[in-house]
Amino acid sequence: MKNAKILVAYLTRSGNTRVIAGTLQRALGAGLFEIRPARPYPEDHELHVAQATRERDNSFEPPLAEKVANIAAYDEIYLGFPVWAKPCHRP
Ligand SMILES: Cc1cc2nc3c(=O)[nH]c(=O)nc-3n(C[C@H](O)[C@H](O)[C@H](O)COP(=O)(O)O)c2cc1C
């Protein structure tokens, strides 16, 4: 869409998704928004995976630290996120 107002929103733990989101943001001339949980996840990877697995199993949607201001103003939104605790990841 020509002259579209575009937002790239992303979630990351270790930064890979941030790199891709930044590349996309620059290429599209878009805004950039980092999705952060209100309560940070554990630093420890295994504890983080266990929490993410529990949250997925309980359909828990973590509260966010901040929401996009006026999301309705955007014509296109790109959402970037890492794979987290997909079912086959279970021990
Ligand atoms: C909590 C958690 C759960 C994850 N679960 C999976 C998984 O089920 N399958 C998989 O292939 N990778 C899994 N990963 C690996 C991430 O998808 C991968 O490291 C990704 O590149 C992280 O992106 P980021 O650097 O933007 O955080 C998991 C990582 C975390 C932190």
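See the structure shown above.
Residues numbered from 1 in each chain as written. Predicted model: local features only at pLDDT ≥ 70, side-chain atom pairs only at ≥ 80, totals over all residues. Heavy atoms only, no water.

1. Notes on helix α1 (residues 16-28)
For clarity, the cut-off: The numbering of helices and of strands both runs from the N terminus, where a helix is a DSSP run of H or I of at least 4 residues and a strand a run of E of at least 2. Helix span, as expected, comes to 1.5 Å for every residue beyond the first. Only protein chains enter the calculation, and the probe is 1.4 Å; a residue is then buried if its accessible area is under 20% of its type maximum, exposed if over 50%, and partly exposed in between. The directions considered for the arc run from the helix axis to the C-beta atoms. Any two residues whose heavy atoms approach within 4.5 Å at even a single point are treated as in contact.
Relative to the 18 Å expected for 13 residues at 1.5 Å per residue, α1 spans 19 Å between its end C-alpha atoms, a close match to the ideal helical length. Along α1, the residues that are buried comprise Thr17, Ala21 and Gly22. Each buried residue of α1 sits inside an arc of 135° when the element is viewed along its axis, so together they form one side. Away from its buried face by more than 90 degrees, α1 exposes Asn16, Val19, Ile20, Arg26 and Ala27. Among the structural elements, β1 (6-10), β2 (31-34) and β3 (76-80) are those in contact with the buried residues of α1. Phi for Gly29, located one or two positions after α1, is positive at around 65°.

2. Considerations on the pairing of β1
For the record, the criterion: At least two bridges found by DSSP between two strands is the condition for calling them paired.
With respect to burial, β1 is a largely interior element, five of its five residues being buried. The two faces of β1 match: Ile6, Val8 and Tyr10 on one face and Leu7 and Ala9 on the other face are all buried. Pairing analysis gives five bridges linking β1 to β3, with the strands arranged parallel. Paired with Leu7 across the two strands is Ile77, which belongs to β3. For β1 and β2, the ladder comprises four bridges, and the chain directions are parallel.

3. Topic: the site of the ligand
The test is simple: Distances are taken per atom, and a residue is near a molecule or strand as soon as one of its heavy atoms is within 4 Å of it. Pairs of N or O atoms are called polar contacts if they sit within 3.5 Å, as long as, within protein, a hydrogen donor faces a hydrogen acceptor (for residues adjacent in sequence, only side-chain-to-side-chain pairs). What sets the accessible areas is the Shrake-Rupley method with a 1.4 Å probe; for residues, cover comes only from the shown protein chains. Three residue categories are used. Nonpolar comprises Ala, Val, Leu, Ile, Met, Phe, Trp, Tyr, Cys and Pro, charged comprises Asp, Glu, Lys and Arg, and polar comprises the others, including Gly.
The full set close to the ligand counts 16 residues, and Thr12, Arg13, Ser14, Thr17 and Ala85 are the nearest of them. The contact in question runs from an oxygen atom of the ligand to an N or O atom on the backbone of Asn16, over 2.8 Å. For the ligand, a nitrogen atom lies 2.7 Å from a polar atom in the backbone of Ala85. For the ligand, the protein covers 78% of the area, taking 630 Å² as the surface of the free molecule. At the level of elements, α1 and α2 (45-57) are the ones that each hand at least two residues to the shell around the ligand. The greatest single-element share of the shell around the ligand, amounting to four residues, is contributed by α2. For the shell around the ligand, the residue count by class is six nonpolar, eight polar and two charged.

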